[in-house]
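Chain residues, written in single-letter form:
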Amino acid sequence: MDTRTSEMTVAPALTALLIDFIDYAGVFPPASESVETAVKNYIAYKSSNHAWILKRFVIGEDKLTSIPESLDGSISLLSESDQQRAGAIESKGVVKSASHPVYCEVALNDLENQLDAIKSAGQFAKIRMGSVKPDGIPSSAEAAKFITACAKRRLAFKATAGLHHPVRATYPLTYEHDAPRAIMHGFINVLMASALSWHGKADAESVLEETDPSAFSFDSHARWRGFQLNVQEIAIARRDFIHSVGSCSFTEPVQELKQLGWLA
């Protein structure tokens, strides 16, 4: 079965935004699944009707020997060195002599110097957008500063952590019954803020701050309030700017997109 046929029931602009978008990171908090469970989940998701949204399998270098060879090339590996089995590397700094795409996580208090070094190395940036603690979540202003600085440099990036939900709102930070709650960034907000910023069409912070799902709409264009992007503009922004987001859940983003009526 061609799992990408499900794209045909989704608005073209939303398809362009979401295709190959979620890097599944099930072993990481708050899901904290076993490696065995996460691998089984990823393989099942790759055969599902929404496989077109799924991208890589995120795992730490210390667990790489537990990952079946069938996933080679689909792995986004947390490592400070290049690895043959990986499809991409996620690091804390520039990786020397890398033959795979490298996403270097930046500290938001030293943004400019880090982004310059990443750009000079021909690698990509990475921003942490969430946490299991409220004070670990960057503000919209901080996230917008990162997006704008990357757009200015024409530097592609990925985002990770806390991006389980489409639209910004208050949510539990973990799956425990007494979990702390906080305002979390929405991945649709992040996508639209990034794509609009790439094309110089809107202020990133205002898009990130949006909490009304009805402010977004999708058909042959993706729209946020008075701004819009056509499919070609979205495809360019996805190819050249916002590559993916890491999420410890794949089912949660899919189910919430369905609840909003955006995904079949």
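Right above here is the structure, for reference.
Structure report, in brief. (Residues numbered from 1 in each chain as written. Predicted model: local features only at pLDDT ≥ 70, side-chain atom pairs only at ≥ 80, totals over all residues. Heavy atoms only, no water.)

Quick notes on unusual backbone geometry
One can expect most non-glycine residues to show negative phi and most peptide bonds to be in trans.
Stage number 1. A cis amide bond links P29 with the next residue in sequence, P30, at an omega value of 5 degrees.
Stage number 2. With respect to the helices, strands and loops of the structure, P30 is situated in the loop between strand 1 (22-24) and helix 2 (35-46).
Stage number 3. Phi is positive for D20, close to 50 degrees, though the residue is something other than glycine.
Stage number 4. One can find D20 in the loop between helix 1 (12-18) and strand 1.
Stage number 5. Located in the positive-phi region is S97, a residue other than glycine, with phi close to 55 degrees.
Stage number 6. Residue position: S97 is located in the loop between strand 4 (86-91) and strand 5 (102-105).
Stage number 7. Taking relative accessible area as the criterion, S97 reaches 75% and is therefore assigned exposed. (Helix = DSSP H or I, 4+ residues; strand = E, 2+ residues; numbered from the N terminus. Buried < 20%, exposed > 50% of the residue type's maximum accessible area, 1.4 Å probe, protein only.)

Concerning the side chain of T174
Stage number 1. By the secondary structure assignment, T174 is in the loop between strand 8 (169-172) and strand 9 (181-184).
Stage number 2. Reaching out from T174, the side chain makes a polar contact with the backbone nitrogen of E176 at a distance of 3.3 Å.
Stage number 3. Those residues in contact with T174 that sit more than four places away from it in its chain are P30, V132 and A179. (Polar contact = N/O pair within 3.5 Å; in protein donor to acceptor, adjacent residues only side chain to side chain. Contact = heavy atoms within 4.5 Å.)

What about the layout of surface pockets?
The rolling of a water-molecule-sized probe over the atoms marks out the regions of remaining empty space.
Stage number 1. Approximately 440 Å³ is the volume attributed to the largest pocket.
Stage number 2. For the largest pocket, the lining is made up of 27 residues, of which F28, P29, R128, T160 and A161 are closest to its centre.
Stage number 3. When residues of the lining of the largest pocket are traced back to their parent elements, those giving at least two are strand 4, strand 6 (124-128), strand 7 (157-160) and strand 13 (242-247).
Stage number 4. Counted by class, the lining of the largest pocket contains eleven nonpolar, nine polar and seven charged residues. (1 Å grid on protein atoms, 1.4 Å probe; cavity = no way out; pocket = protein on both sides within 12 Å on 5 of 7 lines; lining within 4 Å. Points joined across faces, edges and corners; volume = space filled by probe spheres on them. Nonpolar A, V, L, I, M, F, W, Y, C, P; charged D, E, K, R; others polar.)

Re the nonpolar core
Stage number 1. Within the largest apolar cluster, 79 residues are counted, with the highest numbers of intra-cluster contacts made by L18, L115, F146, I188, M192 and F218.
Stage number 2. It is helix 5 (residues 187-198) that provides the largest number of residues to this core, a total of nine residues.
Stage number 3. Counting five residues, the second-largest nonpolar core is a separate cluster that includes I137, Y171, L173 and M184. (Core = buried A, V, L, I, M, F, W, Y, C linked by side-chain atoms within 4.5 Å.)

Describing the environment of T65
Stage number 1. Position of T65 among the secondary structure elements: in the loop between strand 2 (54-60) and strand 3 (75-78).
Stage number 2. By relative accessible area, which is 76% here, T65 ends up exposed.
Stage number 3. A sequence separation of 19 residues divides T65 from K46, and the C-alpha atoms of the two residues are 21 Å apart.

Quick look at the sheet that holds strand 13
Stage number 1. Taken together, eight strands build a closed barrel; the order of strands is 1-2-3-4-5-6-7-13 and the barrel is parallel. The sheet shows a mean angle of 30 degrees between the axes of neighbouring strands, taken without regard to direction. (Pairing = 2+ DSSP bridges. Axes fitted to C-alpha atoms, helices over the stretch in contact; angles between N-to-C directions.)

Focus on the pattern of salt bridges
Stage number 1. In this structure the tally under the stated criterion is 16 salt bridges.
Stage number 2. Here K63 makes a salt bridge to D62, at a shortest N to O gap of 3.5 Å.
Stage number 3. Taking the shortest distance from any N to any O, the salt bridge between E105 and K92 comes out at 3.3 Å. Remark: K92 occurs in the loop between strand 4 and strand 5 and E105 occurs in strand 5; sequence separation between them is 13 residues.
Stage number 4. Given the relative accessible area of 14%, E105 is considered buried. (Salt bridge = Lys/Arg side-chain N within 4 Å of Asp/Glu carboxyl O.)

Some remarks on the state of the cysteines
Stage number 1. Counted under the stated rule, the structure contains zero disulfides.
Stage number 2. In this model C150 remains outside any disulfide bridge; the closest cysteine sulfur is found in C104, 11 Å from its own. (Disulfide = S-S within 2.5 Å.)

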